[in-house]
Amino acid sequence: MADLHDQRILIIDFGGQTTQLIARRVRECGVYCEIHPWDISDDVVNAFKPSGVILSGGPESVIAEGSPTIPGAVLSLDVPLLGICYGMQAMVHQLGGEVRAQSSHSEFGYALVDILNQPLLFAGLQDKVQNNKPQLDVWMSHGDRVEALPEGYTLVGISDNAPCAIIANEAQNRYGIQFHPEVTHTVQGARILQRFVLDVCGCEGLWTPGNIIDDAIKRVQESVGDEEVILGLSGGVDSSVVAALLHKAIGTQLTCVFVDNGLLRLNEGDQVMKTFADNMGVKVIRVDAEDRFLKALSGESDPEAKRKIIGNLFVDVFEEEAAKLSNAKWLAQGTIYPDVIESAASTSGSAHLIKSHHNVGGLPSEMRLKLVEPLRELFKDEVRTIGVDLGLPPEMVQRHPFPGPGLGVRILGEINKEYADILREADAIFIDALYAHNLYHKVSQAFTVFLPVKSVGVTGDGRRYDYVVALRAVETIDFMTARAAQLPWDFLDEVSRKICNSIPRISRVTYDISSKPPATIEWE
């Protein structure tokens, strides 16, 4: 089988909010890609050996002092290049063309692009025709605009406020587009990216679920050899898919450790044991560590500190269980690509840490076990897809994500058993109601958050002064951006009444309507 990584696209990120969508569209074409910051070193670019390069959009102005630039090694590569929005302007600016600040002529939202000629990237693509010229419905988001082209480039498309909306250097297979093909508002956007990675770059579309599984199994077997692997099994989608994948790759060399840390959802432990140990034949050890975790977390309210305490304790438990096995040398984790992106800072410090993910940033540096992370390159929807191919039941694969630290990052501030028990019950009411009203699979993630505040309430003729919880439900494709789900008002009213009536210590229920960005999906 051909190496899935031999043909790959390098995406240079200039800080655009939709850069991850570019990567998703490329993966949907069956081509592997990676996102790297604009200040990537030339050595890394050359070592990557891309089949093509895509330059993302970004919030800066290319003509401002200190603005992000295209790495020199990228411009020296003899591979196809596609610049999107800021990426196009950076190409023009660095190759000798002219970009001007045009705040009075900015374009944000829908625009119509007239196609003047049709190089390979645009051959046959159109949404409308006027005066025998094809037109494209696109989505723009720019203030500056290109006024003069570098040598060797020709004008391909124009819009009302972008005299150079599409440019091309066909001899070098280099293209620039002022609009965003990665968003659904650009009708032909997916076809443009598909045309670029398959036809212009010559990639074959090898990145398929079956090939991904085969490749992952091969890599795990080569890395692990005859040694044993410990997997922290949470019952969430990511760790469940890792368990199925490793079970297929190494069989009895895998031991799953399910740590009941007191921060799980209602009845989580029994469900996990039933699914894996009883139905799938996977070896699972259950460890009751609730007291240990709650004691370690006592008095701690900082989110990053809580994540690290939980991460360190998980590893301690895993290593203790590994010590009981004769040949356990590896710790498996369900790290996925968005975890890696969000936890990484740019090499120059220009990208800011959003939060340390339990799988990525919460592990102790002196950990004795070696790491194996077979999902590290995958987006969430890719994980779900290969989970189905591995034979996992749909109700498991389509389950909403659950963070590694569990309720530890859904109890704001200090954690104790009372808060965890209250939150468990409230969350179960919310999730059960979503299922009952056929809403669970219409949102991407839903959960309840315990707030460290009390609010006045009334029960009968009596006054209450008890805790507050927040409901959270979002819609997203890649979990890098998300919007609050617009759940029916009657549904939210029903859930709120049931929580307040069923759980005496809760006096008020709120609903979080924040989008990501500026908020994150989880509260901590």
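Positions within a chain are numbered from 1, following the residues in the order the chain's sequence is written. Local features in this predicted model are restricted to residues whose pLDDT is 70 or higher, and side-chain atom pairs enter the listing and the counts only when it is 80 or higher, whereas totals over whole chains, interfaces and linings include all residues. As a rule here, side-chain values come from all non-hydrogen atoms in the structure, and water together with hydrogens is ignored.

Peer 1: Explain the overall build of the protein chain here, please?
Peer 2: Strands are runs of DSSP state E lasting at least 2 residues, helices are runs of H or I lasting at least 4, and numbering of each runs from the N terminus. A count of helices and strands for the protein chain gives 16 helices and 21 strands. Taking 524 residues into account, the globule formula puts the C-alpha radius of gyration at 24 Å, and the protein chain, at 25 Å, falls close to it. By its C-alpha atoms, the protein chain is 70 × 65 × 40 Å across when sized along the principal axes. Residue burial is assigned from relative accessible area. The probe radius is 1.4 Å, only protein chains are included, and a residue is buried under 20% of its type maximum, exposed over 50%, and partly exposed in between. Burial status across the protein chain gives 57% buried among its 524 residues. Residues are treated as being in contact if the distance between any of their heavy atoms lies within 4.5 Å. Considering only contacts within the protein chain whose residues lie at least 6 apart along the sequence, 75% involve residues at least 24 apart. For the radius of gyration, the atom set is restricted to C-alpha positions; the globular benchmark scales as 2.2 Å times the number of residues to the power 0.38.

Peer 1: Honestly, the pattern of salt bridges in this entry has me stumped. Any pointers?
Peer 2: Pairing between side chains of opposite charge can happen when the charged atoms of each approach one another. Salt bridge, as used here, is a side-chain nitrogen of Lys or Arg placed within 4 Å of a carboxyl oxygen of Asp or Glu. For the structure shown, the criterion picks out 31 salt bridges. In this structure, the salt-bridge partner of R24 is E382, at a minimum N-O distance of 3.8 Å. Linking R24 in helix α1 (residues 19-28) with E382 in helix α13 (residues 380-389), this pair joins segments that are 358 residues apart in sequence. Given the relative accessible area of 3%, R24 is considered buried. Among the residues examined, E382 registers a relative accessible area of 9% and is labelled buried. Between R25 and E28 there is a salt bridge, with its nearest N and O atoms 3.3 Å apart. In this pair, R25 and E28 both sit in helix α1, 3 residues apart, roughly one turn of the helix.

Peer 1: Would you mind showing me how to read the nonpolar core here?
Peer 2: Within soluble globular proteins, side chains that are nonpolar generally end up buried alongside one another. If you look at the biggest cluster of nonpolar residues, it comprises 94 residues, and the most contacted ones within it are L487 and I499. At 10 residues, helix α15 (residues 417-436) tops the list of elements feeding residues into this core. If near-sequence neighbours (up to four positions away) are discounted, I499 is found in contact with A426, I429, V469, L471, I506 and V509. Residues enter a nonpolar core if they are buried and are Ala, Val, Leu, Ile, Met, Phe, Trp, Tyr or Cys, with the set joined through side-chain atoms within 4.5 Å. I11, L125, V138 and A162 belong to the second-largest nonpolar core, a separate cluster that totals 41 residues.

Peer 1: What is the right way to read the state of the cysteines from this model?
Peer 2: Working definition of a disulfide: a covalent bond connecting the sulfur atoms of two cysteines. When two cysteine sulfur atoms lie within 2.5 Å, the pair is treated as a disulfide. Evaluated as defined, the whole model comprises 0 disulfides. In this model C29 remains outside any disulfide bridge; the closest cysteine sulfur is found in C33, 9.3 Å from its own. You can see C201 has no disulfide; the closest cysteine sulfur is in C203, sitting 5.4 Å from it. On the accessibility criterion, C201 (14% relative accessible area) is buried.

Peer 1: For this particular structure, what's the right way to read the packing of aromatic side chains?
Peer 2: The geometry of an aromatic ring pair is captured by the separation of the ring centres together with the interplanar angle, meaning the angle of the planes. Centres within 6.5 Å are what make two rings of Phe, Tyr or Trp a pair, Trp counting through its six-membered ring; a difference in plane orientation under 30 degrees is then read as stacked, over 60 as edge-to-face, and the rest as tilted. Per the stated rule, a full pass over the model turns up 10 aromatic pairs. Centroid distance F314 to F318: 5.8 Å. Interplanar angle 20°. Geometry classified as stacked. A residue pair is termed a helical-turn pair when its members lie 3 or 4 positions apart in one helix, as F314 and F318 do in helix α10 (residues 303-323) at 4 residues. Its relative accessible area of 9% is what places F314 among the buried residues. Measuring from ring centre to ring centre gives 5.1 Å for F450 and Y467, while their planes differ by 50°; the resulting arrangement is tilted. Within this pair, whereas F450 is found in strand β18 (residues 445-459), its partner Y467 is found in strand β19 (residues 462-475), the two being separated by 17 residues in sequence. Like F450, the residue Y467 is buried in the burial classification. By the criterion adopted, a ring carries a charge over it if an Arg CZ or a Lys NZ lies within 6 Å of its centre and within 35 degrees of its normal. Sitting over the face of the ring of F48, R8 holds its NZ or CZ atom 4.1 Å from the ring centroid.

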